[in-house]
Amino acid sequence: MTAASAESLVAMYETAATIRRFELSAIEQYRLGNIRGYLHPYLGEEGIATGSIAALQPDDYIVSTHRGHGHAIAKGHDPRRMMAELFGKETGYCRGRGGSMHVASRSVHNLGANGIVAGGLGIADGAALAIKQRAGSEVVVAFCSDGSSANGMWHESLNLAAIWDLPVIFVLENNQYAVSTPIRDSARIEHLSDRAAGYGMPGVTVDGNDPVLVHEAMQEPLRRARAGEGPSLIECMTFRHGGHHVNDPGTYLPADELERWKAHDPLIVLRERLAAAGVDDAAIAAVDERVGRLIEEAVEFATESASPSVEEFLIEVAS
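Residues numbered from 1 in each chain as written. Predicted model: local features only at pLDDT ≥ 70, side-chain atom pairs only at ≥ 80, totals over all residues. Heavy atoms only, no water.

Draft legend 1. View of the overall build of the protein chain. Scanning the protein chain for helices and strands turns up 11 helices and seven strands. Its C-alpha atoms give the protein chain a radius of gyration of 19 Å, within 12% of the compact-globule value 20 Å for 319 residues. Taking the principal axes of the C-alpha coordinates as reference, the protein chain spans close to 55 × 50 × 40 Å. In the protein chain, buried positions account for 53% of the 319 residues. Taking all contacts inside the protein chain whose residues are at least 6 apart in sequence as the whole, residues at least 24 apart take part in 74%. When the accessible area of the protein chain is evaluated, it comes to approximately 13700 Å², of which 53% is carbon and sulfur surface. Treating the 27 positive side-chain charges of the protein chain as one cloud and the 43 negative ones as another, the clouds have centres 3 Å apart. (Helix = DSSP H or I, 4+ residues; strand = E, 2+ residues; numbered from the N terminus. Rg over C-alpha atoms; globule rule 2.2 N^0.38 Å. Buried < 20%, exposed > 50% of the residue type's maximum accessible area, 1.4 Å probe, protein only. Contact = heavy atoms within 4.5 Å. Areas by Shrake-Rupley, 256 points an atom, 1.4 Å probe, with all protein chains shown as cover. Lys, Arg positive; Asp, Glu negative; His and termini not counted. Charge placed at Lys NZ, Arg CZ, Asp CG, Glu CD.)

Draft legend 2. The arrangement of empty space enclosed by the protein in detail. Throughout the structure, instances matching the rule amount to one cavity of 30 Å³ or more. As a volume, the largest cavity reaches approximately 90 Å³. When residues of the lining of the largest cavity are assigned to their parent elements, the largest contribution, three residues, is made by strand 2 (residues 140-145). For the lining of the largest cavity, the class distribution of residues is six nonpolar, eight polar and no charged. (1 Å grid on protein atoms, 1.4 Å probe; cavity = no way out; pocket = protein on both sides within 12 Å on 5 of 7 lines; lining within 4 Å. Points joined across faces, edges and corners; volume = space filled by probe spheres on them. Nonpolar A, V, L, I, M, F, W, Y, C, P; charged D, E, K, R; others polar.)

Draft legend 3. Looking closely at helix 9 (residues 266-276). Listed in full, the buried residues belonging to helix 9 are Pro266, Leu267, Val269, Leu270 and Leu274. Looking straight down helix 9, one finds its buried side chains confined to an arc of 155°; they lie on one side. Every exposed residue of helix 9 that faces more than 90 degrees away from the buried side is listed here: Glu272, Ala275 and Ala276. One side-chain oxygen of the residue at the start of helix 9 lies 2.7 Å from the amide nitrogen of Leu267, identifying that residue as Asp265. (Arc of directions from axis to C-beta. Polar contact = N/O pair within 3.5 Å; in protein donor to acceptor, adjacent residues only side chain to side chain.)

Draft legend 4. Broad picture of a nonpolar patch on the surface. Where nonpolar side chains cluster on the molecular surface, the patch consists of Leu160, Ile163 and Trp164 and spans about 280 Å² of accessible area. Looking at Trp164, the relative accessible area reads 40%, which means it is partly exposed. (Patch = residues over 30% accessible without salt bridge, like charges linked within 9 Å, V, L, I, M, F, W, Y side chains within 5 Å. Salt bridge = Lys/Arg side-chain N within 4 Å of Asp/Glu carboxyl O.)

Draft legend 5. Here's a closer look at the sheet that holds strand 2. Taken in spatial order, the five strands line up as 1-2-3-7-6 in an open sheet, and their pairing is parallel. The open sheet terminates on both sides in strands that have one partner only, identified here as strand 1 (61-63) and strand 6 (203-207). Direction aside, neighbouring strands of the sheet carry axes that sit 20° apart on average. In this sheet, strand 2 lies alongside strand 1 in parallel orientation, the contact comprising three bridges. (Pairing = 2+ DSSP bridges. Axes fitted to C-alpha atoms, helices over the stretch in contact; angles between N-to-C directions.)

Draft legend 6. Inspection of the pairing of strand 2 at higher detail. Extensive coverage of strand 2 is indicated by the burial of six of its six residues. Bridge count for strand 2 against strand 3 (residues 168-174) is six bridges, and the pairing is parallel. Bridge assignment links Ala142 to a residue of strand 3, and that residue is Phe170. Each parallel crossover has a hand, and the one from strand 2 via helix 6 (residues 152-163) to strand 3 is right-handed. (Right-handed = clockwise from strand over helix to strand, strands pointing away.)

Draft legend 7. Summary view of the nonpolar core. Formed by 57 residues in total, the largest nonpolar core has its most connected members in Tyr13, Met83, Val141, Ile169, Val171 and Met218. Among the nonpolar cores identified, the runner-up in size contains 26 residues, and Leu121, Leu166, Leu192 and Leu233 belong to it. (Core = buried A, V, L, I, M, F, W, Y, C linked by side-chain atoms within 4.5 Å.)

Draft legend 8. Main features of the packing of aromatic side chains. According to the stated counting rule, one finds four aromatic pairs in the structure shown. Centre to centre, the rings of Tyr177 and Phe239 are 5.9 Å apart; their planes meet at 90°, and the pair counts as edge-to-face. Taken as a pair, Tyr177 in strand 4 (residues 177-178) and Phe239 in the loop between strand 7 (232-237) and helix 8 (255-262) lie far apart in primary sequence, 62 residues in all. Here Tyr177 and Phe239 have matching classes, each one buried. These aromatic residues form a ring-pair network of at least three members: Tyr177, Phe239, Tyr252 and Trp261. The ring of Tyr93 is capped by Arg81, whose NZ or CZ atom sits 4.1 Å from the centre of that ring. (Phe/Tyr/Trp six-rings, centres within 6.5 Å; stacked < 30°, edge-to-face > 60°. Lys NZ or Arg CZ within 6 Å of the ring centre and 35° of its normal.)

Draft legend 9. Looking closely at the layout of surface pockets. Its boundaries defined by the atoms lining it, the largest pocket holds a volume of some 210 Å³. For the lining of the largest pocket, the secondary structure elements donating two or more residues are strand 2 and strand 4. Of the residues in the lining of the largest pocket, the class split is five nonpolar, nine polar and four charged. By volume, the second largest pocket is sized at about 160 Å³. Considering the residues around the second largest pocket, the lining is formed by Ile27, Arg31, Pro41, Leu43, Arg67, Arg240, His241, Gly242, Gly243, His245, Val246 and Asp248. For the lining of the second largest pocket, the per-class residue count stands at four nonpolar, four polar and four charged.

Following this line, the structure appears as structure tokens:
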């Protein structure tokens, strides 16, 4: 898909722009006190969710992470209900019970974000096993991080998926810092995708800030998974635009390294591809305007939505 159509590029740009505007708005609402708990922005990593999920069929599944807003939006979640969930409102996808790190919806085949590092990977294997047992054609995409690759659940899940030839694609979002620990201090290999060989599955490393290249990298793993040939690992190189969460100043991120990656921002990459495909600035501006209105509506919807009642909580706990 290197020579992507103008139509597909516009769709990708709208997805990435929606994720970006949602995250910026969520940070603002957090600062205003409307969102509580932890908030892990996806700023700078939008190309991975955009490119990988664009390659899926509607019936394919995803399993997400604590940094999961982008995955949810790319999979088709309504930003209005997403924002309501972050606000802890009854109209949210989990009726305000899950919050930022636990967005899920069976309606769009999102099996959920997970606040436990690598915690979703076993869920992905379970879903993939169910698909295999009923001879389904669906695939499960399990998003994970560079930090998760040092977790026992990561190793167990990849190994089990390989042994059982499960239809899983592990998409590793390597933003190069596990909280404040650089990956170079915790791994002696250049590419984490090299670990795939230890489980007998293919592994590849791609530029995660270019959604088109991510989309292209998904094609063979999808073919393999649907053909019953087992899992694959795709390592997507990226860089978050700030600290690990909204209250982390990220002072450990080298300023020059951050600036280099910001110059290769996924939205900049997509605008360059759009220009090369003949899409003019007016068309891009129209997308930006549409996205801006949608996120404004999301904040308004979340603000006006009702909060869960204490009585409901008591009933749910008792039952």
